[in-house]
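Observations on the three-dimensional arrangement
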Amino acid sequence: MIKLNSIPKELEATYNEIIKIPKFSVKFDRDKRINEKLQYISSYMPEISKGGYKILDIGTGPGEFLEVLRNYNCTSIGINPPDNHRWSEIRDPKLANYHEESIIKYNNFSKINIFRQKLDVLSIDMFSCFTNGNKELEKMKFNIINCQDAINLILIKYYDLNYAIDNYKNHHIFGKWLLSEEFYSCLKLMIKFFDKILLPGGAIMLVALISSNDQEYSQKLIHTAKELGYNVEISKDYHIHKFRKTK
Ligand SMILES: C[S@@+](CC[C@H](N)C(=O)[O-])C[C@H]1O[C@@H](n2cnc3c(N)ncnc32)[C@H](O)[C@@H]1O
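Below or above, wherever it landed, is the structure these notes cover. (Residues numbered from 1 in each chain as written. Predicted model: local features only at pLDDT ≥ 70, side-chain atom pairs only at ≥ 80, totals over all residues.)

1. Structural notes on the pairing of strand β9 (residues 240-245)
Put simply, side chains in a regular strand alternate between the two faces of the sheet. Selection criterion: The pairing criterion for strands is at least two bridges between them, as found by DSSP. Helix and strand definitions here come from DSSP, where helices need a minimum of 4 consecutive H or I residues and strands a minimum of 2 consecutive E residues; each element is numbered from the N-terminal end.
The sheet contact formed by strand β7 (residues 198-207) and β9 spans 5 bridges and is antiparallel. Looking at β9, one finds that Val 207 is bridged to Ile 240. Relative to β9, strand β8 (residues 230-236) runs antiparallel, the two sharing 6 bridges. Each bridged residue has a counterpart across the sheet, and for Asn 231 the counterpart in β9 is Arg 244. In this structure, the hairpin formed by β8 and β9 is closed by a connection of 3 residues, where Asp 237 is found at a positive phi of approximately 50°.

What follows is the structure in structure tokens.
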């Protein structure tokens, strides 16, 4: 297993407060999370185990994926949004409150893990990169762009978290893509941005949160990727996709 560095004294209280909540101690079980990342790599990106890849992990959370990549001798950069980044309004006040509190704890846990494990993570709102570009990222080139369980939140303008509120009893919120012409244009901008920072022959690995209308999302995503010169390497369960740059 990967070595876990100690927590600086000043962060100990915050860490202990989060981890004593049963929901979070299960969610952040380290061995489980690291094993999931190893499994994820062997299922979808086995090439990584050879080492030497440059990988961008968008919406990296606590960054265990970056830790596993480092163990495989790959260089990687993670991206999380800036502290002031807010989600779109959730209509039910009880759910909005619950969600906001969970996000604060999740972000604090993420920051602590990133700090103690000395991970390279930039604070960037990815959505603004799709619409306005990003000079810092555009100076870099990657073999793989990975985005696991984050694209729905990055494209929150086109995603309704209110859709299946009942699920919040299970601490999990499923939503619905808001499919419109504007959303389709945004998918195009997203892949065009990825294309600028992806090396020839590179791959985009995109795993979306399960949604009620995944099938339509998948069709549109595949259509857009093909239109922009990408091959479909994996398309699974309408929410797991891997595209390969052909140029
Ligand atoms: C459900 S977590 C997934 C974390 C990690 N990829 C994993 O699989 O464990 C979603 C991540 O997306 C990030 N995120 C949400 N909106 C974002 C945005 N606009 N730009 C960049 N990251 C964003 C969140 O901060 C969080 O780290």
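2. Details of the nonpolar core
Defined as follows: Take the buried Ala, Val, Leu, Ile, Met, Phe, Trp, Tyr and Cys residues, join any whose C-beta atoms are within 7 Å, and the set you get is a nonpolar core. Put plainly, a residue is buried at 20 or more neighbouring C-beta atoms within 10 Å of its own, exposed at 12 or fewer, and partly exposed in between, counting only other residues' C-beta atoms, which are placed from the backbone. Note on contacts: residues are paired as contacts if their backbone-placed C-beta atoms lie within 7 Å.
Within the largest apolar cluster, 50 residues are counted, with the highest numbers of intra-cluster contacts made by Ile 144 and Ile 145. With near-sequence residues (within four places) excluded, Ile 145 lies in contact with Leu 56, Ile 58, Phe 194, Leu 198 and Ile 204.

3. Structural notes on the site of the ligand
Where we set the bar: Using a C-beta atom placed from the backbone, a residue is scored as near a molecule or strand whenever that atom is within 6 Å of it. Gly is placed with the polar residues, together with every amino acid not listed as nonpolar (Ala, Val, Leu, Ile, Met, Phe, Trp, Tyr, Cys and Pro) or charged (Asp, Glu, Lys and Arg).
Taken together, 15 residues form the shell around the ligand, and within it Gly 59, Gly 61, Met 126, Ala 150 and Leu 153 come nearest. Those elements giving two or more residues to the shell around the ligand turn out to be β2 (75-80), α6 (126-132) and α8 (151-154). Counted by class, the shell around the ligand contains 7 nonpolar, 6 polar and 2 charged residues.

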